[in-house]
Amino acid sequence: MKKYAIYGKLSRGFRKGYRYITLIFLTLLCIFPFYLLLVNATRAHVDIQRGFSILPGKSLVMNVVNVLGNETILIVRGMLNSALVSTLTVVLSVYFSVMTAYAIHAYDFKLKKAAFHFILLVMTIPTQVSALGFVKMITAMNLKDSFVPLIIPAIVAPSCVFFMKQYMESSLPLEIIEAARIDGSGEFHTFNQIILPIMKPAVAVQAIFGFVSSWNNYFTPSLVLTKAEMKTLPLWIAYLRSADFTKFDMGQLYMMIAFSIFPVIVVYLLLSKFIVQGVTLGSVKG
């Protein structure tokens, strides 16, 4: 019996060690592209052309100075434009998506299922399909070189509405809403003071996804923005990438990409605690 017990402990220890090794390997595999990006951001164009290197270079300051001092690329203005568009897009799209999902979840009205299915149908239509009509419309409305076409249409986020609706079905009992109404709470007060705090984990997840999507969006801004002072960061990265080969600097390009992912990491670190809280709350309820 002792022999089998020893074998059992060894077997459990081996499986546990195997899982840890696998998780560590997958973590390193996910982090490696970011590490390689940071390494190349510290190397000069000539060094990058020579091939792969796992050690950082000595051109970090030079790349930063070249990017910030490049008069043809307004990197700081591009980051500010991207931050403004992404922040407003996330705030508006998430708020109204939660409100839409709440209306479908909490109210009974005619064509309720049809409205939800229509939202799912819109989710399947690619942006490129309506691009031509979109450009004609904003041109007729004199909204070219404006952030309005990037922010207002983004409020309609069918995938976000679907996610919020599914989260409400599992985490928002209708009894809470009924109790608030009995206590005399108005509909907007109930939504803003009771529903939104309950939805924090879902809001955090969609805020991260929405910010990353808007921050990295190249297609729509390329159709709308033509003035240099209005361009977002992805447009400037594409501009640098398509520059003349004789003037092309890989060190600057990697540094600009490093600049572009830094705000995304900051947003994730700020909102990740709400995701963890949501997972913990769900496990306790379960």
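Rules used throughout
- Residues numbered from 1 in each chain as written.
- Predicted model: local features only at pLDDT ≥ 70, side-chain atom pairs only at ≥ 80, totals over all residues.
- Heavy atoms only, no water.
- Helix = DSSP H or I, 4+ residues; strand = E, 2+ residues; numbered from the N terminus.
- Buried < 20%, exposed > 50% of the residue type's maximum accessible area, 1.4 Å probe, protein only.
- Contact = heavy atoms within 4.5 Å.
- Areas by Shrake-Rupley, 256 points an atom, 1.4 Å probe, with all protein chains shown as cover.
- Core = buried A, V, L, I, M, F, W, Y, C linked by side-chain atoms within 4.5 Å.
- Lys, Arg positive; Asp, Glu negative; His and termini not counted.
- Salt bridge = Lys/Arg side-chain N within 4 Å of Asp/Glu carboxyl O.
- Polar contact = N/O pair within 3.5 Å; in protein donor to acceptor, adjacent residues only side chain to side chain.
- Phe/Tyr/Trp six-rings, centres within 6.5 Å; stacked < 30°, edge-to-face > 60°.
- Lys NZ or Arg CZ within 6 Å of the ring centre and 35° of its normal.
- pLDDT = per-residue confidence, 0-100.
- Patch = residues over 30% accessible without salt bridge, like charges linked within 9 Å, V, L, I, M, F, W, Y side chains within 5 Å.

Helix and strand counts for the chain come out as 14 helices and zero strands. Written out in order from the N terminus, the α and β elements of the chain read α-α-α-α-α-α-α-α-α-α-α-α-α-α. The buried share of the chain, reckoned over its 286 residues, is 35%. Across the chain, contacts joining residues at least 24 apart in sequence account for 72% of those joining residues at least 6 apart. Within the structure as shown, the chain displays about 18000 Å² of accessible surface, and the carbon and sulfur contribution to it stands at 70%.

For the rest of this paragraph, the subject is the nonpolar core. Proteins that are soluble and globular tend to have nonpolar side chains buried together. Judged by nonpolar contacts, the single largest core of 44 residues is most densely connected at V98, Y102, M164, M168, I195, M199 and M256. Listing elements by their share of this core, those giving two or more residues are α4 (75-106), α5 (112-123), α8 (158-171), α10 (187-198), α11 (200-215), α13 (233-241) and α14 (250-285). In contact with I195, other than residues within four places in its own chain, are Y102, M168, L172, I177 and T190. Within the second largest apolar cluster, ten residues are counted, among which are V85, V224, L225 and M230.

For the rest of this paragraph, the subject is the side chain of R43. Mapped onto the elements, R43 comes out in the loop between α1 (2-41) and α2 (45-50). Summary of buried charges: R43 has no salt-bridge partner, and the nearest side chain of opposite charge, D47, is 5.4 Å away. Polar side-chain contacts of R43 include one of 2.5 Å to the backbone oxygen of D47. Residues within four places of R43 in sequence aside, it is in contact with I48, G51, F52, S53, G57, S59, N63 and G251.

One pass over the full model with this rule turns up seven aromatic pairs. Seen in terms of ring centroids, F211 and W215 are 5.7 Å apart; in terms of plane orientation they differ by 20°. Their pairing is stacked. Residue F211 and its partner W215 are both found in helix α11; the two are separated by four residues, about one turn of the helix. We classify F211 as buried; its relative accessible area is 10%. Pairwise contacts between aromatic rings join Y95, F96, Y102, Y107 and F191 into one cluster. Directly above the aromatic system of F116 lies the positively charged group of K165, at a separation of 5.2 Å from the ring centroid. Lying over the aromatic face of W236, K231 brings its terminal NZ or CZ to 5.2 Å of the ring centre.

We now examine the confidence of the model for the chain. Scored by pLDDT, the chain comes out at a mean of 83, with 88% of its residues at no less than 70. At the level of individual helices and strands, the chain shows its lowest average pLDDT in α14, which scores 72, and its highest in helix α7 (residues 148-151), which scores 92. Segment residues 280-286: pLDDT under 50, and one contact once partners within four positions in sequence are set aside and those in other chains are kept.

Together, I31, F32, Y35, F52, I54 and L55 make up an exposed nonpolar region whose accessible area comes to about 630 Å². As for its placement among the helices and strands, L55 is situated in the loop between α2 and α3 (60-68).

The subject of this paragraph is the pattern of salt bridges. Tallied over the full model, the rule gives five salt bridges. Between R50 and D47 there is a salt bridge, with its nearest N and O atoms 3.4 Å apart. On the criterion of helical spacing, the pair formed by R50 and D47 is a turn pair, its members being three residues apart in helix α2. Put simply, E178 and R181 hold a salt bridge, and the shortest N to O gap is 3.4 Å. Within this pair, E178 and its partner R181 are both found in helix α9 (residues 174-182), separated by three residues, close to a single helical turn. Its relative accessible area of 40% is what places E178 among the partly exposed residues. Accessibility expressed as a relative area gives 27% for R181, which makes it partly exposed.

With that settled, consider unusual backbone geometry. For N142, which is not a glycine, the phi torsion comes out positive at approximately 60°. By relative accessible area, N142 is classed as exposed at 67%. For D145, which is not glycine, the phi torsion reads 55° and is therefore positive. Within the fold, D145 resides in the loop between α6 (131-140) and α7. In this structure D145 comes out as buried when scored by relative accessible area, which is 19%.

Moving on to the side chain of S260. Within the element layout of this structure, S260 appears in helix α14. In this structure, S260 is in contact with W215, L233 and I237, ignoring residues within four places of it in sequence.

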